[in-house]
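Remarks on the overall topology
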Amino acid sequence: QVRLVESGGGLVQPGGSLRLSCAASGSIFRINSMAWYRQGPGKQRELVAASTGGGAATNYADSVKGRFTISRDNAENTVYLQMNNLEPEDTAVYYCNAFVRWSYNGDEYEYWGQGTQVTVSS
């Protein structure tokens, strides 16, 4: 099986920074995409940032452009989300997402982490 484990969440003041990490482990041949989603209280889950094309491309939600940076360490099957200039509106549970191929010609499977809480408050 494949596991995604997030870390790095916590409480931070507005304007502060956090770096989230998500490590994938298990039966992995290739991870085509890894992404971060978030869900605030009473809100829909939304895409925050994605690393696609094996890490060759990235995209961001408009609300976080210029503040968040997604990066990927392919050798370690880990994706990071550097969050700068955090705002109270960024408060949410952040979830790691990945599409994993188990073998060269195999299917892709989608996995989710358990989530890590980010709270931005003074």
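The rules we used
Residues numbered from 1 in each chain as written. Predicted model: local features only at pLDDT ≥ 70, side-chain atom pairs only at ≥ 80, totals over all residues. Heavy atoms only, no water. Helix = DSSP H or I, 4+ residues; strand = E, 2+ residues; numbered from the N terminus. Buried < 20%, exposed > 50% of the residue type's maximum accessible area, 1.4 Å probe, protein only. Contact = heavy atoms within 4.5 Å. Disulfide = S-S within 2.5 Å.

Notes on the side chain of Ser21
- Counting through the fold element by element, Ser21 comes out in strand β3 (residues 18–26).
- Take Ser21: its relative accessible area is 15%, and that puts it in the buried class.
- Aside from chain neighbours lying at most four places away, what touches Ser21 is Val5, Glu6, Ser7, Trp36, Val79 and Tyr80.

Comments concerning the state of the cysteines
- In this structure the tally under the stated criterion is one disulfide.
- Two residues, Cys22 and Cys96, share a disulfide whose sulfurs are 2.0 Å apart. The disulfide joining Cys22 to Cys96 has a torsion of about -85 degrees about its S-S bond and is therefore left-handed. One end of the pair, Cys22, is in strand β3; the other, Cys96, is in strand β9 (residues 92–101), with 74 residues separating them in the sequence.

What about the environment of Trp102?
- Here Trp102 lies in the loop between β9 and β10 (108–112).
- As a C-alpha pair, Trp102 and Thr91 span eleven residues in sequence and 34 Å in three-dimensional space.
- For Trp102, the residues in contact, after removing those within four places along its chain, are Val2, Ser27, Phe29, Asp107, Tyr109 and Tyr111.

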